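# Chains, contacts and geometry: an overview
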Amino acid sequence: MRIAMMVKVIFGALLWFVVTLCLFLTLVPPFLDRIYYRGAETGHFDGERFANPDGGTAPAPALAFVFLAHRISSAGRQPPWPTHVPVIPSRPPARVAGQAMRVTWIGHATVLIQTQGLNILTDPVWSEAAGPFGYGPRRVAAPGVKLSDLPAIDLIVVSHNHYDHLDLTTLKALWQRDRPMIVTGLGNDSVIGQAGLPARGLDWGQRLTLRPGINVVVTRNHHWSSRWFADRNRALWSGFVVTLPGGNLFFAGDTGWGDGRWPKEAAALGPVRFAAIPIGAFRFKPGQMASDAHIGPRDAIRVWEELGRPWALPVHWGTFRLSWEAYRTPPNMLAAMLRCGGANSRHFVDRTIGQSFEVPAIGVRGAPASDQGIAKCRAEGAFDRFR
């Protein structure tokens, strides 16, 4: 009798838990929805939400919860990651004058580019965790430059509002110290503005002039946005081109391949001297080579080639664990694919977090990679060893 009563109590508690969870999923997401931007309809904005004109959408809130549950349940089966990666922070110079260009990888999608007396920072994240209220994936590698050693920043570009790219804590610290210009896609300026920070929100194709001959252009890529699951695609995602007298710099942001036309659109703005191209978080299940939201090494090579094979830095790996692949799978697979394609180019190689390097003037480009060579290596299982 007592056992039967206990079973009823446990069953009742589980039932109430399920009911409460269903109510939470039904009521809370709309409560967390936010309107970040209001404007006229366009080919990628329907008056309420942004979209990729080449197709592909953000996961529904319920699917996002399923994804998180799968991540937790499969944690023991995923390739191991280090809990700590040693980093030797560097101390960049205060300025780099003229057409010289110096690049420092700070980690994940955060890159410092110094040229023309300007200090430019992409998607700055110095926080320990990439998520709300200090929760989320934790960094395994310290920033490659201590915030106290970072030179005064003139321009910050923010690609979209995911927490591993839009870090309000870091933006506040940089704004209070340097008062930089912050440029982002439509709607993200509202997210940043709610923290008391001014930002310029621009649509794809729009530009802001910093000084004669130097412009920030917001460019199309293929992704999605959300801060709270329910506010899906309320703000725009983008890449950036900064036009410069000695050759442009390109930051792809966070992106999938989509129709693959967006790199050419960026290259049409002028010759690209340096590019930061994502290569990580592409494998959400064993064997996957890319996803709708993230390009993998193969598509990163295609982006690099469409840009004219400039000097490039592979980013979006090695700091926060966001997907299935092993820690060094993205750069190792990138190098293997370049070799299989016959490129083996020193123009597109991984760097150590904190490492600075000089970008030469535009001249000799990297050798192209052969699609047939990469396909042949893949058919022969050359990439199967990468987990």
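Residues numbered from 1 in each chain as written. Predicted model: local features only at pLDDT ≥ 70, side-chain atom pairs only at ≥ 80, totals over all residues. Heavy atoms only, no water.

Another point: the sheet that holds strand β6 (residues 200–202). In spatial order, the strands read β6-β5-β4-β3-β2-β1-β13; together these seven strands make up an open sheet with mixed pairing. In this open sheet, the two strands that pair with only one neighbour each are β6 and β13 (356–358). If you compare each strand with its neighbour and ignore which way they point, the axes differ by 20° on average. In the sheet, strand β3 (residues 118–122) pairs with strand β4 (residues 155–158) via three bridges, with the strands oriented parallel. Each bridged residue has a counterpart across the sheet, and for L121 the counterpart in β4 is I156. (Pairing = 2+ DSSP bridges. Helix = DSSP H or I, 4+ residues; strand = E, 2+ residues; numbered from the N terminus. Axes fitted to C-alpha atoms, helices over the stretch in contact; angles between N-to-C directions.)

Attention now moves to the pairing of strand β8 (residues 214–219). Burial of β8 is extensive: six of the six residues sit out of reach of the surface. Residues I214, V216 and V218 of β8 are buried on one face, and the alternating residues N215, V217 and T219, pointing to the opposite face, are buried as well. By the bridge criterion, four bridges tie strand β7 (residues 207–211) to β8 in an arrangement that is antiparallel. Residue pairing across strands places L208 opposite V216, the latter belonging to β8. Counted between consecutive antiparallel strands, the loop separating β7 from β8 contains two residues, among which G213 sits at a positive phi close to 85°. Here β8 runs beside strand β9 (residues 239–243); their pairing, made up of five bridges, is antiparallel. (Buried < 20%, exposed > 50% of the residue type's maximum accessible area, 1.4 Å probe, protein only.)

The next thing to look at is the sheet that holds strand β10 (residues 248–251). Read across the open sheet, the six strands follow the order β7-β8-β9-β10-β11-β12; overall the sheet is mixed. Taken across any chain shown, the strands that pair with only one partner, and hence form the sheet edges, are β7 and β12 (311–315). This sheet shows a mean twist of 15° between the axes of neighbouring strands, independent of strand direction. In this sheet, strand β11 (residues 272–278) lies alongside β10 in parallel orientation, the contact comprising four bridges. Looking at β11, one finds that F251 is bridged to A276. Lying over the sheet, helix α6 (residues 297–306) contacts β10, β11 and β12, oriented at roughly 165° with respect to β11. (Contact = heavy atoms within 4.5 Å.)

Let's shift gears to the confidence of the model for the protein. The predicted model of the protein averages 90 in pLDDT, with 87% of residues at 70 or higher. Predicted confidence for residues 22–27 stays below pLDDT 50, and this span has four contacts to residues more than four positions away or in other chains. (pLDDT = per-residue confidence, 0-100.)

Right, let's get into unusual backbone geometry. Of note, Q116 is a non-glycine position whose phi angle comes to about 55°, a positive value. Turning to its location among the elements, Q116 is positioned in the loop between β2 (110–115) and β3. In this model, R179 sits at a positive phi of 55°, which is unusual for a non-glycine residue. Along the chain, R179 turns up in the loop between α3 (168–178) and β5 (181–185).

Turning next to the side chain of R283. Topologically, R283 is positioned in the loop between β11 and α6. Although buried, R283 forms no salt bridge, and the nearest oppositely charged side chain, E325, lies 5.8 Å from it. R283 has contacts with Q288, M289, S323, W324, E325, M333, F386 and R387, leaving out every residue within four places of it along the chain. (Lys, Arg positive; Asp, Glu negative; His and termini not counted. Salt bridge = Lys/Arg side-chain N within 4 Å of Asp/Glu carboxyl O.)

Position of N52 among the secondary structure elements: in the loop between α1 (2–32) and α2 (61–73). Only 2.8 Å separates the side chain of N52 from the backbone oxygen of H223, close enough to count as a polar contact. Residues contacting N52, with those up to four places away along its chain left out, are N221, H222, H223 and W237. (Polar contact = N/O pair within 3.5 Å; in protein donor to acceptor, adjacent residues only side chain to side chain.)

With that out of the way, let us pick up α6. For α6, a buried count of seven out of 10 residues is recorded, marking the element as mostly surrounded by other parts of the structure. Along α6, the residues that are buried comprise P297, R298, D299, A300, I301, V303 and W304. Buried residues along α6 sit in contact with β10, α5 (262–267), β11, β12, α7 (329–340) and α8 (371–379). Following α6 by one or two positions, G308 adopts a phi angle in the positive range, close to 100°.

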